[in-house]
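The primary structure of each chain is shown beneath.
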Amino acid sequence: MIPELGNVALMLAFALAIIQGVLPIAGSFNGNRRWMALARPAAAGQFFFVSLAFGVLVYSFIANDFSVAYVEANSNSMLPLYYRIAGTWGGHEGSLLLWVEMLTVWMFAVAMLSRQLPRETVARVLGIMGLIGVGLMAFMLFTSNPFDRLLPGAADGRDLNPLLQDFGMIIHPPLLYMGYVGFSVAFAFALAALMGGQLDAAWARWSRPWTLMAWMFLTLGIFVGSFWAYYELGWGGWWFWDAVENASFMPWLVGTALIHSLAVTEKRGSFKNWTVLLAIIAFSLSLLGTFLVRSGVLTSVHAFATDPRRGLFILILLAIVIGGALTLYAWRAPQVGLGGRFNLISRESLLLVNNVLLLVCAATVLLGTLYPLFLDALGVGKISVGPPYFEAVFVPLMVPVLFLMAPGLFMRWKESSIRQIAQRLKWVALASVLTGLTAALAMSTSVMVALGLILALWILLATATHLAQRLGHYAAGTPIGKRLSSLTLSYWGMLVAHLGIGIFVVGVTLVKGLETSNDVSMRLGDTTSIGGYEVRMTDLQQVKGPNYVAAQGTFVVTRGTQIIAILKPEKRVFTVQQMPMTDAAIDRGFTRDLYISLGDAISDSAWAVRVQCKPFVSWIWSGSIIIALGGLLAASDRRYRLALKKNRQNVPTSVDVNSFIVAE
Amino acid sequence: MKPRHKRLALILAGLAALGLAAALILQAFQKNLVFFFTPTQILAGEAPHNRSFRMGGMVVKNSLVRQADGVTMSFMVTDTAQSLRVSYHGMLPDLFKEGKGVVAQGRLDQNNLFVADEVLAKHDENYMPPEAAYALKKANEAKQTGASAKQINYPTKSAE
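Undergrad: Could you give an account of the overall build of chain B, naming the residues involved and the relevant values?
TA: The secondary structure content of chain B amounts to three helices and seven strands. Taken from the N to the C terminus, the helices and strands of chain B come in the order α-β-α-β-β-β-β-β-β-α. Taking all 160 residues of chain B together, the buried fraction comes to 32%. Long-range pairs, those at least 24 residues apart, make up 58% of the contacts in chain B between residues at least 6 apart in sequence.

Undergrad: Which residues make up the environment of A:Leu131, and what values go with them?
TA: Residues and elements named next belong to chain A. Structurally, Leu131 can be placed in helix α7 (residues 119–143). Looking at Leu131, the number of C-beta atoms within 10 Å reads 21, which means it is buried. Leu131 sits 113 residues away from Ile18 along the chain, and the two C-alpha atoms are 6.8 Å apart.

Undergrad: Break down the environment of B:Gln30 for me, with residues and values.
TA: All names here are of chain B. Turning to its location among the elements, Gln30 is positioned in helix α1 (residues 3–32). We classify Gln30 as exposed; it has 10 C-beta atoms within 10 Å. Taking the C-alpha atoms as reference points, Gln30 and Val119, separated by 89 residues in sequence, lie 23 Å from one another.

Undergrad: So what's going on with the domain arrangement of chain A? Which residues, and what values?
TA: Residues and elements named next belong to chain A. Taken domain by domain, chain A comprises domain 1 (1–165) and domain 2 (517–618). The straight-line distance from the C-alpha centre of domain 1 to that of domain 2 is 43 Å. Counting residues at the interface gives seven residues for domain 1 and seven residues for domain 2. Tallied by class, residues from the side of domain 1 that touches domain 2 come to five nonpolar, one polar and one charged.

Undergrad: Go over the confidence of the model for chain B, please, and point to the residues and values.
TA: Residue and element names in this part refer to chain B. Taken over all residues, the pLDDT of chain B has a mean of 78, while the share at 70 or more is 82%. In the model, residues 147–160 has pLDDT below 50 throughout and makes 19 contacts with residues more than four positions away in sequence or in other chains. With pTM at 0.90, the complex prediction returns an ipTM value of 0.76.

Undergrad: Before we move on, could you go through the interface of chain B and chain A and cite the residues and values that matter?
TA: The interface of chain B with chain A comprises 36 residues on the first partner and 39 residues on the second. Those elements giving two or more residues to the side of chain B that touches chain A turn out to be α1, β1 (33–37) and α3 (130–144) of chain B. For the side of chain B that touches chain A, the element with the highest residue contribution is α1(B), accounting for 14 residues. For the side of chain B that touches chain A, the residue count by class is 21 nonpolar, five polar and ten charged.

What counts and what doesn't
Residues numbered from 1 in each chain as written. Chains lettered and ligands numbered in written order. Predicted model: local features only at pLDDT ≥ 70, side-chain atom pairs only at ≥ 80, totals over all residues. Helix = DSSP H or I, 4+ residues; strand = E, 2+ residues; numbered from the N terminus. Buried ≥ 20, exposed ≤ 12 C-beta atoms within 10 Å, placed from the backbone. Contact = placed C-beta atoms within 7 Å. Domains from an automatic or database assignment. Nonpolar A, V, L, I, M, F, W, Y, C, P; charged D, E, K, R; others polar. pLDDT = per-residue confidence, 0-100.

Here you go:
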C-alpha cells in the first residue's frame, strides 16, 4: 500500500504544479489577484507532496520492499542502511524524483523568502518553476515511475552497483542536483523579467543570491564527484572529460559567467540582455545534463530505442523549455534593453570578454560531448572525442580568462586606463613570473607547468594586493579588525573565490606536470620506488566485508629509514553481482598523495601493483572548496538580507509593476 | 572613441574570440578525433598505421598471455569474422574478462599487432561496450549477406 501512497502524492503534486504553472501567470497579466495569490500555497503544497513521495521511496528502500521494481533493481537486503537510502537516487527514476524534490525545495524557499517582491514577479517566477515541475513530473508519471510494482515481488534485489556503494553516493547527487535545479530560479527570474519587459538593478539584486547559492552547490557537487572518482575508480584520475562530467561542467562554466554578468547588471545596470540569455543557457544546460546522464543515451544512442517514449519525451521537453525560453527572449529582449554604456577600457569590458570566453569554453565542451552522439545517431560511424581534444581546446581558452582575472579586479567601472592598471600590477607581474619560472626550473619541468604556475601566482598575488590596497584606504590608526570587518561579505566572497581558483590552478598544473606512475609485479617482500619513496609489500590476506570478499595487500612506505605510511589496498569481489572492484589506498599529504592500487594476481604469490605519486593533488580539492566558500560568502552579503527586512516592514499594498521598477 | 567605434571594437573582439575558438576546435578535431575500426576493417588495411584509433570486439577465450614482466599482457580480440592480437602494458580494468566485450585505444604496428595504451571495459559485467557491439553486428551482417568482408563498403572515414 505504501508505494501507492507515494504514487498518489506524486499525482497530487503534479496537479498542483499545473495549477501553479497556469493560474498565477495568467493572473499576473489580467490583474486577477486571487489567481496570483495561489502561487505560494501551491508551491508549499507541491513541496509537501513531492517530499511525501520522496519519503515513501526512501522508506521502500529502508524496508527492503522488493515488490517495487525500482527498489529491486537498485538495492539488496545485504546492503548497509545508508547505502539503501542513497540507493533511492541510484537509478534513473529515483534521480528524477530527487531532481523534482530539489525543485520543490527551491520553489518553497522562493515562496518563503520573496515577501519583498512585487506580486506579479512572485506569481511569474513561481509559475515558471511550476511549469518546469509539470514537465518533469509528467515525464516521471508517464515514462519512468519509481513506484511501479513488480508482480510477483522479488525475494531479493539485484543490488546497487558496487561502484556506487560509497560515501560519495550519499552526498554527490543531492549536491549536484541542488546546483542544477538551483539555476531554475535564475531562469524563472529571467523569464519573469522578460514577461514584464522590465529588468533593473533591483531585479539583479533579487536573483543574485539565488544564483550564487545554486553555483555554490554545483561547485561542491562537481568537486565531490571528482574527489570520489579519484579514490573510488582505483586508478587515480580525477577528471576524465567523460560526457557525464562534462554535463555538469557546462552549466558551471555558464553559471560562472552568469554570476559575473549579474554583478554588472546590479552595479551598473549594463549587460541586461546578456544576463537574461546566460540565465536561460545555464538552466538549459542543466536540464540537458540531467537527461544526458540519466537517459542512457550516453551508453548508446540506441538506448532511446529500447524505450522510445522516453527519448521522444525528453526531446520534446527540451525543445519546449529551451525553444520557448529563447523565443520569449527574442521577442521581449529588445524591450529589456542593453543597459548603461561603458568605455572600451573598463571593468565591464573585461567582464564581458571573460563572459564570452567562458561561454565559448562551454560551447567547445558541448560540441565535443554531443558530436559523437550525433554521428552515431545519424549512423555515419563511430568516433570518440577524448581528453586530448578537450585539453587542446580548453587550456588555450582558459589562459586569457585566468590572465584577465587580475586586471579585472583593479579596473574601475565605466572607465579606466591601462597605464594605471599596469602601474598597480607591475610588481605582481614581476614577482609571479620570477617565482613561477624559478619553481619550474627547480623542478625542471615543461613550459606548460611554468605557465600554469605563473598564472596561479598572478591571480593569488593580485588578489592579495587588492585586499591590501583596500585595507590601506582607511584613515591612519584605524584598527585592523575594524578595517577587515567593514569590508562587505560580497567583496570577501569574490576574494576567496578568486584565491580558490589560484590554488586550484596550482594543483592542476603540478598534478598534470609532475605525476609519476609505476606498474610492477610484486611478491611478498618486494620493493619498488616512486617519487623518492620506497614501497615494500609485506603482507597479503583475504578479508571479508558485509557484502564482498577481498584480497588485501599491506605496503610499507619508507623514506630513508623513516616509515611514512602503511597502506592497505584491496581487490574486492562483490558477492551479489560478482563484480570485481579495485579499492585503492591513499596516503594524502599537503604536497603529494601516494596512491597504491592492487591489480590482478599474476601467480599464486605475485600481484600486479600500480604505485603513483601525485604532487599537490590536495590543492585541487582545497581550491574547489574555497571557491564554493566564496560563493557562500557572497550570497550571504548583508544587503540581500537588509532588502528582505526593510521590505517586510512596509509591504506595499498595491504595486503596479511598472511603477515599482525604476525606469532606466 | 565614438560609441559606434566602441561597439565595433567589442564586436570585433568577440569575433576574434570566436575565431580563435573555432580554429582551436578544428585543429583539435583534426588531430584528436579517435575513429573506431573493427578487426575486419583493420585486417582489410583500412585502419591507419601512423595514428591512434580505437578497436573493439570480444576477448577470445584462453587467449590472454602474460609476459615475463607480469604487467604486459596480450590477448586476441574478435568480431567473430576476424581476430587481432592486442598487447597492453599496465593494469587491465576490473571488468576485463575473456569472452566479454572490450574496447582498446592505441596504434597498429607493422606486424598488425595492436599496441594499446588504454583498455576500456566499463559498467556491469553484462554490459557490452557500444563499440564492441557495433563490431560484432557489422561482422554478423557481412556474414549474412554472404559477401567477403573485404568487399563490404563500410561507413569509413579517412583518418586524416
